[in-house]
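What follows is each chain in one-letter form.
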Amino acid sequence: MPETEDSAEIDVTIETEVVDVDGDGVADIVSQTTTTTIDVDGDGVVDIVEVQTITAIDVDGDGEADIIESTTVTGVDIDGDGEFEDDEIAVEEIVAVREGLAEELDEADTEADAVAADTEAGDEDTDDADDADGG
Ligand SMILES: [Ca+2]
Ligand SMILES: [Ca+2]
Ligand SMILES: [Ca+2]
Ligand SMILES: [Ca+2]
């Protein structure tokens, strides 16, 4: 396929990041960033940039992603100055949660709360120390 110089040029870069949070050898967070740059008029200056980040999070560690987050940042250089100002950038976020996960986390949450309440008690008599400093 011959290259045509005066037409749009599209460049796609994909980066994948894998994070094993608890170090058990199973990936817990997989993040993939796709960067697309488009030079619409072919003058060598990028006119449109789209960065899509998809993050899959395995909350319960069974190897299946439970939460999928997708963030898309689109910059369109409307005035053609080569810079992407705030009003030329749009951000779209989508979060998808596996069915049934909310209930599972809810149960785990209630247990955690009970423990937290226990450790917080008995912290109040230290307040008196401030009053002795009157002067
Ligand atoms: Ca892990
Ligand atoms: Ca251009
Ligand atoms: Ca999972
Ligand atoms: Ca601009």
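Criteria and thresholds
- Each chain carries its own residue numbering, running from 1 in the direction its sequence is written.
- Each chain takes a letter, starting from A, and each ligand takes a number, starting from 1, following the order in which they are written.
- Per-residue local features of the predicted model are confined to residues with pLDDT of at least 70, and side-chain atom pairs are confined, for both listing and counting, to 80 or more; whole-chain, interface and lining totals are unaffected and use all residues.
- Helix numbering and strand numbering both begin at the N terminus, where a helix is a DSSP run of H or I of at least 4 residues and a strand a DSSP run of E of at least 2.
- Contact between residues is assigned whenever the C-beta positions, reconstructed from backbone atoms, fall within 7 Å.
- Any two strands between which DSSP finds at least two bridges are classified as paired.

Caption draft 1: Molecular detail of the overall build of the protein. Summing up its helical and strand segments, the protein has one helix and five strands in all. Along the protein, helices (α) and strands (β) appear in the sequence β-β-β-β-β-α when read from the amino end. Sequence-distant contacts in the protein: of pairs separated by 6 or more residues, those separated by 24 or more amount to 36%.

Caption draft 2: The arrangement of the pairing of strand β3 (residues 48–57) in detail. The pairing of strand β2 (residues 29–39) with β3 spans 10 bridges and is antiparallel. Looking at β3, one finds that I38 is bridged to I48. Strand direction decides the pairing type here: β3 and strand β4 (residues 67–76), joined by 10 bridges, are antiparallel. Note on β4: the bridge partner recorded for T55 is E69.

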